[in-house]
Amino acid sequence: MISQLTVALAIGTLLVSGVLTFFLKNVSSIRAVGFVTALANFVGVLLIPVASGNTFGNQHIFIDVDQVNRIPMLASSLLLFVTFLMAPDSALRSGFVWKSLVSIAATQLAYTAGSPWLMSLGIAIAWLPFYQELSPVTRITFALASVLLPVGLNLGDKGIWMVFAAIILRKGLFPAHGWITRTMGAGHWLTAMLVINTHIGAFVLLRTSHTSAVWLTDLALGTAVYAAALGMRDLSPRRTLGWLSISQSAFLLAGIGSQTSEGIAGSLLLWQVVVASTTILAGIMAALESRMSVSLTLKHSSGLAARFPRLAVGFIIAGLALVGAPMTLGFCAEDLLMHGTLAAHPRIGILLPIATAMNAITVFRMFSRLFLGPVTEDLTDVPDALPRERLVMTAVISFLILGGLVPGWLLPKAAATHDAVTTHPGN
Amino acid sequence: MTYLLPIVIAAPFLVFCLLGTLWLSGVALSEKGIVAITRVGLLVSTVCLLRLLPSFFTGGTRFHSADWFRVGEYHFSIELELSRLATFPSLLAVLLLGLITHFSSRYIHRDRGFLRFFLMLNLFASGILTVFIGGALDVMLVGWELVGISSVFLIAFFQEREQPVAGALRAFITYRTCDIGLLVAIVLLHRFTGNASLDDISKLTSQQATLVACLLVLASLGKSAQFPFSGWLPKAMEGPTPSSAAFYGALSIHAGAFLLLKARHLLEMSPATCWVIVIIGAVTTLQATLSSRAVADAKSALALGAQAQVGLIFIEIGLGWDKLALWHLCAHSVLRTLEFLRAPSTLHAYHSMHAAAGGHIPATGQFYDRFIPESLRLKLYRVALDHGWVDTLLYRFFLGPLVAVVNIILMAEQRMAPIQEKGLQDD
C-alpha cells in the first residue's frame, strides 16, 4: 500500500509541476522547477519498495512498481532529467517543460498500471501534449495503436494480433517505422526523444510477455538492419539519428522476444543506454543548432570540434556507448543481447552484430562529418558546452562508463525482470 | 604474483582516465606533466611484466577474476594469461610504446593535439596489452575494440584536414566490418563449449572448428590489413608518424597475426582454414610488394612493406610454423618501428649518406624488377598504382550494388518524410 501511495505521489508531483510551469514565464524558473521535479521523481522511483514478480492483471493492484516496470520507470525519470538540462532556452519558452511533465506522468501511469485498461489509457494520453508538434502520420499511428491495444488486450487470445499490431506501430518496426523519422524531422530534437524514448512497444511486450511473439524478434532484427543500412547513407543528421534510434531500439524488442534471461537482461540494460545516449546526442545537436545560423548537415565536414571540443567529446562517448564500445554499459548490454538472441534465433540472430557494426559506422560518420574536417562557419563568439550542459553530460557519461565497469549493480534487477516476465500467467 | 597481470592493463588505462578527467574538468597540464604521467603508467606495466617474466620458463601465469557480470547460466569473467606466446609481444609492446612516448614528446611538441595524442596512446597501450594477455576471446574483444577506436582517432589526428578524416572513417568501416567475425565467433564458442577460451575446444566438431576459425580469420584480416581488406592502410598514413609507428609498424598491424597464433589449436582442427590463411597471406604479400614499388611517399611505402611482411607471417601461421611466425612478428615490429621513426628525416639521412660516400650511391631494390619484361612492367605499374584494383573490384561487385539499393530505398523514404531544415533545402 505504501509503495502504491509513493507511486501516486511521484506521478502526482509531475502533474502538479506541469501545471505550475504552464503558468511560469521566466525561463530560469521553468528550468529549475522542471529539473527539481525530474530529480525528485528519479529519487522517488529509486526509493519505492519493489513488489515481487509481475503484478500486471492483479485485480487488487491499481498502480505499483514491480520487477517489470522498475527499469522503464527509472529510464523515464532519467529522460526528463537529461532533456530539461540539455534543452535550449528557446525550447523552454514554447511550453516544452509542462508538456514533457504531463507526457511522462501519463507514461509512468502506463508503466505502473495494474490493469490493461489503465495501461492503455496512460499510453493513449502520453502523446497528446505533443499533438501539435507531431506529423499527421505520427498522430494516426499513435491513435490507431491507442485503439488496438485496449481492444486486443480485452479480447484475450482472439485479440492477440491487435496487441502485436499496436506493439509494431508504437515500436516503429518495419513497415510502421515512418513516424520516427517524421517525428525527428517535424519537431524539436528533444521533443522527438521524449516521444521515441519511452519505448511503449517494448514495454507492452514485456508486460504481456507472449511466447508466441518469437516472430517479432525476427521482424525487430530485420528492422534493425534496414534502419542501420539507411542510417549509413542519410545526409540529414535528424533523420540519421532517427535511423539510429529505430535500429538500436529494435534490439530491445529482439532481446525481450528471445525470452532468454540474457536477452531480457541485455534489453533492459540497453533500454537505459539508448535513453541516456540518444537523448544526449539529440541534446548536443540541439545545442549546436541553437548556436549556428544553418542546420547541421552530413553532406560535408563541418569541423565543429575546433569550436566545441567538449560537446564533441560528449557526442562521441555517448555515441560509442550506444553502439556497445568496451568499458561502457553498452558493451555489457550488447554482449548479453547477442548471446540471448543468437541462442534463441541461431540463424537470424547474426543480423544483430551486423546491425551493431553498421550503427557504429553511422555514429563515427556523424561524428566525423559534424565535428572533424575544415571549419566551414565562423563561430568565434559562440560558447562551447554551458555549465548545465556540462553537468548533464558528465552525469550521463559517468553513468555509462561506471555502469560498464561495474554492471553488477544493475544486473540483478534485470535478471529479476526475466523471472517476472517468464513466470507470468500470460506466458 | 598473478595480481600483477590486471595491473599491466590497468596502469595505462588509469592514465587515460586521469588525463581525460583532468582535461574535462578544465585543468591544463603541461606537456612535461602529460609525458611524465604516461611514462609512469608504462613503467608500472613494464615492471609488472618483468616481475612475471620468470613464469615464462614455468608455463606462464593465469589470472581469473570473479564474474564481471552474470545472468542465469551465462557469465563474463576476466581471464588473463601471460602465456609463453604472449610474453615477448607484451614486453615488446611496453618497450616500444615507451620509446614512442619519448620520441613523441618532441615530435608533437606544441601541437594543439598534444594531450589528445597521449590520451589515445594510453588507450591503445591498454587495448593492445589486453589483446596480448587476454585469456579468453571475450576479454580479447575488449582490447581489440580499444585498439580500433584509438587507431581511428589517431588517423584523424590532424582533424582540420579532409584527408585524414576520410582515412579514419575508411579504417573504422573496415575494422567494424571485420569485428563482426570476432563477435560471432565468441557467441558461437560459448554455445559450442560453454566458454570463450581458445584452449578448451575439445568439444568442438570439425565443422564447428572450421566455422569459428573462419570467423577469426575474418577478424584478423581487418586489423592486419590483409587481402581483401587492405585498402585502408595507405590512407591511414595521414596520422602523425609516431602513431603510425606504434600502430602500423609495430603492434596493431600484428594483432590479427597474434590472434591466429593464439587460435593454433583451432586451426589444427581445420586444415582448410590454414590453406585459406596461406593463400590470403600470399596474395597480400604480392599485392603489397607490387604497390609499394609505385607509391610516391615514404610512409605509404613503409606501410605497404609492413603489410607484405604480415602477409608472410600469415603464410607461416597457415603452414604451422608458429615459432618462426612469432620471431618474425617481434623482429619485424622492431625494424619497422625504427624505419617509421626515421621516415621524417629520410631526406636528411639520404643526403648525409651521399655526402659521406663522397658521391652518388647506386639505387638498390631493382633486382627482381629486371626479371620482368619491359612491356609487362608498364602494365604492372598501372596495377600497382591502384593497389591491385582491390578496392575498385570490391566496390564494383560488392559494395556498389548494395549502396545503389540502399540509395533507392533512402530516396523513397526521404520523399515520404521530407525535412525542411534551417537555412538549407532538404537533401
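All residue numbers refer to position in the chain's written sequence, counted from 1. For naming, the first written chain is A and the first written ligand is 1, with later ones following in the order written. Local features in a predicted model are, by the rule used here, given only for residues with pLDDT of at least 70; side-chain atom pairs are given and counted only at 80 or more, and totals for whole chains, interfaces and linings are based on all residues.

Colleague: Can you explain the overall build of chain B? Please cite residues and give values.
Modeller: A tally of regular secondary structure across chain B gives 17 helices and two strands. Two things to know: the radius of gyration comes from C-alpha atoms, and the globule rule equals 2.2 Å times the number of residues to the power 0.38. In terms of overall size, chain B behaves like a compact globule, its C-alpha atoms giving a radius of gyration of 23 Å where 427 residues would be expected to give roughly 22 Å. For chain B, the C-alpha atoms occupy an extent of roughly 65 × 60 × 60 Å along the three principal directions. Here exposure depends only on C-beta density: within 10 Å of a residue's C-beta, 20 or more other C-beta atoms make it buried, 12 or fewer make it exposed, and intermediate numbers make it partly exposed, the C-beta atoms being placed from the backbone. Across the 427 residues of chain B, 48% fall into the buried class. A pair of residues counts as a contact when their C-beta atoms, built from backbone coordinates, are within 7 Å of each other. Partitioning the intrachain contacts of chain B with sequence separation of at least 6 by distance along the chain shows that 75% fall at a separation of at least 24. The numbering of helices and of strands both runs from the N terminus, where a helix is a DSSP run of H or I of at least 4 residues and a strand a run of E of at least 2.

Colleague: Account for helix H10 (residues 189-196) of chain A, with residues named and values stated.
Modeller: Residue and element names in this part refer to chain A. Burial of H10 is extensive: eight of the eight residues sit out of reach of the surface. Here H10 has its buried residues at Trp189, Leu190, Thr191, Ala192, Met193, Leu194, Val195 and Ile196. If you follow the buried residues of H10, they end up packed against helix H3 (70-86), helix H4 (89-93), helix H5 (96-112), helix H9 (178-186), helix H13 (237-258) and helix H14 (261-291).

Colleague: Could you give me a rundown of the interface of chain B and chain A, with the residues and numbers involved?
Modeller: Counting residues at the interface gives 40 residues for chain B, matched by 52 residues for chain A. Elements with a minimum of two residues in the side of chain B that touches chain A: strand S1 (61-71), strand S2 (74-82), helix H5 (137-155), helix H6 (162-193) and helix H17 (390-416) of chain B. For the side of chain B that touches chain A, the element with the most residues is H6(B), which contributes 15 residues. When residue character is reported, Ala, Val, Leu, Ile, Met, Phe, Trp, Tyr, Cys and Pro are called nonpolar, Asp, Glu, Lys and Arg charged, and the others, Gly included, polar. Each residue belonging to the side of chain B that touches chain A can be placed in one class, and the counts come to 24 nonpolar, six polar and 10 charged.

Colleague: So what's going on with the nonpolar core? Which residues, and what values?
Modeller: In this structure, Ala224(A) and Leu216(B) are the most contacted members of the largest nonpolar core, which totals 294 residues. The element best represented in this core is H14(A), accounting for 18 residues. Excluding its chain neighbours within four sequence positions, the residues that come into contact with Leu216(B) are Gly181(B), Leu182(B), Ala185(B), Leu259(B), Leu260(B) and Ala263(B). Each nonpolar core reported here comprises buried Ala, Val, Leu, Ile, Met, Phe, Trp, Tyr and Cys residues connected via C-beta atoms within 7 Å.

Colleague: If you had to explain unusual backbone geometry to someone new, which residues and values would you point to?
Modeller: Cis peptide bonds are those with omega within 30 degrees of zero, and the linkage from Phe174(A) to Pro175(A) qualifies with 5°. The peptide bond linking Phe227(B) to Pro228(B) adopts the cis configuration, its omega dihedral lying at 5°. Mapped onto the fold, Pro228(B) is located in the loop between helix H7 (206-223) and helix H8 (232-235). Even without glycine at this site, His199(A) takes up a positive phi of about 50°. In this structure, His199(A) sits in the loop between H10 and helix H11 (200-208). For His199(A), a count of 24 C-beta atoms within 10 Å translates into the label buried. The backbone of His387(B) shows a phi angle near 50°, a positive value even though the residue is not glycine.

Colleague: For H3(A), give the residues involved together with the corresponding values.
Modeller: Each turn of an α-helix holds 3.6 residues, which means side chains three or four residues apart point in the same direction. Taking 1.5 Å of rise per residue, the 17 residues of H3(A) would be expected to cover 24 Å, and the 24 Å separating its terminal C-alpha atoms lies within 8% of that figure. Most of H3(A) sits out of view: 17 of its 17 residues are buried. In this analysis, the expected span of each helix is defined as 1.5 Å times one less than the number of residues it contains.

Colleague: With reference to specific residues and values, describe the pairing of S1(B).
Modeller: Residues and elements named next belong to chain B. In this description, strands pair whenever DSSP reports at least two bridges between them. Pairing geometry for S1 and S2, over eight bridges, is antiparallel. In the strand pairing of S2, threonine 61 is matched with leucine 82. Here S1 folds back onto S2 in antiparallel fashion, the turn holding two residues, of which glycine 72 has a positive phi close to 55°.

Colleague: Quick rundown of the environment of Val363(A)? Include the residues and the values.
Modeller: Checked against the element boundaries, Val363(A) lands in helix H17 (residues 351-371). Here Val363(A) is in contact with Gly319(A), Leu320(A), Leu322(A) and Val323(A), once residues within four sequence places are set aside.

Colleague: Report on the environment of Asp419(A), specifying residues and quantitative values.
Modeller: Position of Asp419(A) relative to the elements: it lies in helix H19 (residues 411-422). A C-alpha to C-alpha distance of 45 Å links Asp419(A) and Phe308(A), two positions 111 residues apart in sequence.

Read these as layout, nothing more, since geometry by itself doesn't imply function.
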